[in-house]
Amino acid sequence: MWSSEPEVTALVCTDCGRTMSGLDDDIIHFCSGCRSVWSLESGRLVQFPFYTARTPSEQPGAPDLHLPFWLVRISTPGISILVRREHTSSPLEFPRNFDPSAERNLESITTEPEDRLVAVPAFLCERASRIGWRVTRHLTPVSDSDVPARALAGGVVTGGEAESLAGEIALIDMRRRNPGLAWAAALPDARLKGVMAVGFNLLAHGLQLAGIRLVLPYTTMADVRALIDFLDLTVPDG
Amino acid sequence: MKSSRALSCPSCAGPLSLPDGEIQGRCGHCGMPVRINGRVKRFIMKSSLDGTGALRTVRRMLCDRNTRRGALSRAKVDRPRLFYVPFWHVSAQIHGFASGLDPVWEEQEIQVAVDTDGNRHKVPSSGVTRMVRFRKGADSAFREIAFRSSLNMSAADLEPLGIPGLDEDAQLSIDGLGIQRTILPDGLEPLDRKPASEGIVVDPSVPLSQALAGADRYFSRLADGASGGLEQRWSSYAVTGRRVRLIFYPLWIVGFECDGRRYHVVLDGESGRAVRGILPGRSRDLNVLSAIVASIWALIPPLFLAVAASDGPMSGNAAAFIKCLPGILAALAVAAAGTWKLLGILDSISGKGSDVVI
């Protein structure tokens, strides 16, 4: 069968023929020749539209590192949700799992229809949903920007995982707009749109983004050395 | 132990040879970077213990005071064998949230009713109070779930060695083993770069899909734990960035024969400590001791009677014999009771297992 997964995949951009490098766990690969982004899915490289966003930092200087974010389109005609008041004065104990008949003061709301993009970190980090939510709020993806020639670090989060995490980020946003969110009938529908590169001034700011510490994607065992080499970072001895 | 698998380069169709532990590399002919699909990166923990060290450890154990005396001189110890046993290491990050009601409690000091007149008529006492916790209500809660976790699972059955398997349900740690359910030892090296010079690398028998399913169950349990204490809870989370590694951990197995029986000891190759094993116990020594004690005890009544018959009250003087009879009967009763007690002790000693299990 042709559709079976190939044993070996050549990490080469099929648009311009340039080879792409990456670490062992990388799923997202960036071609610095034609500035295209590829995701390894079932042993095949699949191209995704590439976007960039300016670094959130106001500091001067070019970013040291561009980290990949999946752009996921969230669309919903409106979701039925239940919202509770901030305080319930009932001295009675409630069931452990959600039971709408157990509470009296639940308010039923249908959310506004929405269709928007959510940024999902494609790398490993401590609070991915919160970072994704902040990047979604503050950054706008642009497709015709002058992408720096510096390579984009690879991502380890698959497209499918990004779609499910986008649902969580959308729910965080929904909860901000509806304090006391108790239950939602469904998660928003999520579809991959592309990959966005966000620049970080790593050396100047440390591993920080909007006050949240980033855990670099390759902190396991020997991969740390490979990432340091990849970024040309100078690490003091000892 | 170094092994390789021939594949063809998708670019130049030349033979592509990468070590087993590698999942990425370059074609030796055209230099094309390639990725091997379906492979898992492998790491190995080098054994800090060598064969001589393993033998020395077992010899030391055979000299231990809990093991049979002289076992070391009688034991025929085999050549120690080093096995690299596989463990799946699955790591992931879990993000989501849990909403629900967080109960609010309030403490109040109340007077305690006491029975002052002894007629079971209790009245509130002004001096005796105690703190009581009342449920006041509940607050709407929204908790963020955000953590990274990892799990090590046995990729081969180690039960025949007496080592319990590690999995998502394992509650107990394995005593003496450097690799635990969530802990990886320091010093792991990629398997491809420094292959082990000696030892047998055990192939995993637990499929990767089973390990991933077990890890997902474990991560789900951890995520559910984030909403602990909440009522009316509703949670949602996503497991992302799953990464799998295959870790080979060194275990030395030293077998030996002693007094016609086979024994074995499993040593941790990293720490050098004994993980599991069976050694000849001291019960045989105790049996010999029991027999000696029983023989001495058995000789006491006849000796006593012989002495009594020759010089004592039983030598012919009937009046003296009658006078001493209560004493003799008491001595015999004490001897009988002592014999009964001694038999119990000897029985408990001989009932003990003959081996020392580590």
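Residues numbered from 1 in each chain as written. Chains lettered and ligands numbered in written order. Predicted model: local features only at pLDDT ≥ 70, side-chain atom pairs only at ≥ 80, totals over all residues.

Peer 1: Could you give me a rundown of the overall build of chain B, with the residues and numbers involved?
Peer 2: In terms of regular secondary structure, chain B is built from 5 helices and 14 strands. Taken across its 358 residues, chain B has 29% of its residues classed as buried. Of the contacts formed within chain B by residues at least 6 apart in sequence, a portion of 70% connects residues at least 24 apart. (Helix = DSSP H or I, 4+ residues; strand = E, 2+ residues; numbered from the N terminus. Buried ≥ 20, exposed ≤ 12 C-beta atoms within 10 Å, placed from the backbone. Contact = placed C-beta atoms within 7 Å.)

Peer 1: Give a detailed account of the packing of helix 1 (residues 128–138) of chain A against helix 2 (residues 159–177) of chain A, specifying residues and quantitative values.
Peer 2: To describe two helices that pack against each other, one gives the angle between their axes and the distance between the axes. Residue and element names in this part refer to chain A. Viewed as axis vectors pointing N to C, helix 1 and helix 2 meet at an angle of 70°, and their least axial separation amounts to 9 Å. Judged on the interaxial angle alone, helix 2 and helix 1 are roughly perpendicular. The handedness of the crossing between helix 1 and helix 2 is right-handed. Facing helix 1, whose interface residues are Ala128, Ser129, Gly132, Trp133 and Thr136, helix 2 presents Leu165, Glu168, Ile169, Ile172 and Asp173. Residues that form the contact of helix 1 with helix 2 fall into these classes: 5 nonpolar, 3 polar and 2 charged. (Axes fitted to C-alpha atoms, helices over the stretch in contact; angles between N-to-C directions. Parallel < 35°, antiparallel > 145°, perpendicular 65-115°, else oblique. Left-handed = near helix turned anticlockwise from the far one by under 90°. Nonpolar A, V, L, I, M, F, W, Y, C, P; charged D, E, K, R; others polar.)

Peer 1: Describe the sheet that holds strand 1 (residues 8–10) of chain A, naming the residues involved and giving the relevant values.
Peer 2: Note: strands within a sheet are paired through backbone hydrogen bonds, in either parallel or antiparallel orientation. Pairing is antiparallel in the open sheet, where 3 strands are placed in the order 1(A)-4(B)-3(B). Strands at the two margins of the open sheet, each flanked by one partner only, are strand 1 of chain A together with strand 3 (24–26) of chain B. Sheet twist, expressed as the average angle between the axes of neighbouring strands with direction ignored, equals 30°. Note that strand 3 of chain B and strand 4 (residues 33–36) of chain B share 3 bridges and pair antiparallel. Residue pairing for strand 4 of chain B: Gly25 of chain B is matched across the bridge by Val34 of chain B. (Pairing = 2+ DSSP bridges.)

Peer 1: Before we move on, can you summarise the pairing of strand 13 (residues 274–280) of chain B with the specific residues and values?
Peer 2: Every regular strand shows the same layout, with side chains that alternate between the two sheet faces. All names here are of chain B. Of all the 7 residues making up strand 13, 6 are buried; the element is thus mostly covered by neighbouring parts of the structure. Relative to strand 13, strand 12 (residues 261–268) runs antiparallel, the two sharing 3 bridges. Each bridged residue has a counterpart across the sheet, and for Leu267 the counterpart in strand 13 is Ala274. Between the end of strand 12 and the start of strand 13, which pair antiparallel, lie 5 residues, with Gly272 showing a positive phi angle near 80°.

Peer 1: Pulling in residues and values, what's your account of the interface of chain A and chain B?
Peer 2: Contacts between the two partners involve 54 residues from chain A and, on the opposite side, 41 residues from chain B. Within the residue set of the side of chain A that touches chain B, elements represented by two or more residues are strand 1, strand 8 (87–88), helix 1, helix 2 and strand 11 (181–184) of chain A. Sorting elements by how many residues they give to the side of chain A that touches chain B places helix 2 of chain A first, with 7 residues. Tallied by class, residues from the side of chain A that touches chain B come to 25 nonpolar, 13 polar and 16 charged. Examined bridge by bridge, strand 1 of chain A and strand 4 of chain B share 3 bridges and lie antiparallel to one another. Among the inter-strand pairings, Ala10 of chain A is bridged to a residue of strand 4 of chain B, identified as Val34 of chain B.

Peer 1: Break down helix 1 (residues 51–62) of chain B for me, with residues and values.
Peer 2: Residue and element names in this part refer to chain B. For helix 1, built from 12 residues, the straight-helix expectation of 16 Å at 1.5 Å per residue is met to within 8% by its first-to-last C-alpha distance of 17 Å. Within the sequence span of helix 1, burial applies to Ala54, Val58, Met61 and Leu62. Angularly, the buried residues of helix 1 cover 100° about the axis, an arc narrow enough to put them on a single face. For helix 1, the exposed residues set more than 90 degrees away from the buried face come down to Thr52 and Arg60. (Expected span 1.5 Å × (residues − 1). Arc of directions from axis to C-beta.)

Peer 1: Describe the environment of Gly70 of chain B, and please don't skip the residues or the numbers.
Peer 2: By the element assignment, Gly70 of chain B lies in the loop between helix 1 and helix 2 (71–74). Sequence-wise, Gly70 of chain B and Cys258 of chain B are 188 residues apart; in three dimensions their C-alpha atoms are separated by 9.9 Å.

Peer 1: For the nonpolar core, give the residues involved together with the corresponding values.
Peer 2: By size, the foremost hydrophobic cluster in this structure holds 117 residues, and its most contacted members are Val120 and Ala166 of chain A together with Ile247 and Leu267 of chain B. Taken domain by domain, the makeup of this core includes at least three residues from each of domain 1 (16–43) and domain 2 (44–97 + 142–280) of chain B. With sequence-adjacent residues up to four places away left out, Val120 of chain A is seen in contact with Phe69, Trp70, Val72, Gly132, Ala162, Leu165, Ala166 and Ile169 of chain A. (Core = buried A, V, L, I, M, F, W, Y, C linked by C-beta atoms within 7 Å. Domains from an automatic or database assignment.)

Peer 1: Outline unusual backbone geometry, listing residues and values.
Peer 2: All names here are of chain A. Unlike most non-glycine residues, Arg35 shows phi in positive territory, near 55°. Considering the arrangement of structural elements, one finds Arg35 in the loop between strand 2 (28–31) and strand 3 (36–41). Take Arg35: there are 19 C-beta atoms within 10 Å of it, and that puts it in the partly exposed class. Of note in this structure, Ser42 is not a glycine but carries a positive phi near 50°. In this fold, Ser42 is placed in the loop between strand 3 and strand 4 (44–48).

Peer 1: I'd like to hear about the pairing of strand 12 of chain B, residue by residue, with values.
Peer 2: Sheet analysis places strand 11 (residues 231–258) of chain B next to strand 12 of chain B, joined by 8 bridges and oriented antiparallel. Residue pairing for strand 12 of chain B: Glu257 of chain B is matched across the bridge by Arg262 of chain B.

Peer 1: Go over the sheet that holds strand 9 (residues 106–110) of chain A with me, naming the residues and quoting the values.
Peer 2: All names here are of chain A. One open sheet accounts for 3 strands, arranged 9-7-11; its pairing is antiparallel. The open sheet has two free edges, formed respectively by strand 9 and strand 11, since each of these has just one partner strand. Geometrically, the sheet is characterised by an average inter-axis angle of 25° between neighbouring strands, direction not taken into account. Relative to strand 11, strand 7 (residues 80–84) runs antiparallel, the two sharing 3 bridges. Residue pairing in the sheet places Val83 in a bridge with Leu181 of strand 11.

Peer 1: Now, about the environment of His89 of chain B: what can you tell me, with residues and values included?
Peer 2: Residue and element names in this part refer to chain B. With respect to the helices and strands, His89 occurs in strand 7 (residues 81–115). Owing to 25 C-beta atoms within 10 Å, His89 belongs among the buried residues under this scheme. Other than its neighbours up to four places away in sequence, His89 contacts Ser150, Asn152, Leu184, Arg245 and Ile247.

Peer 1: Tell me about the confidence of the model for chain B, residues and numbers included.
Peer 2: All names here are of chain B. Averaged over every residue, the pLDDT of chain B is 81; residues scoring 70 or more account for 85%. Per-element confidence in chain B is highest for helix 3 (residues 208–225), whose mean pLDDT is 92, and lowest for strand 1 (residues 4–8), whose mean pLDDT is 66. Scored by ipTM, the complex comes to 0.81, with pTM at 0.75. (pLDDT = per-residue confidence, 0-100.)

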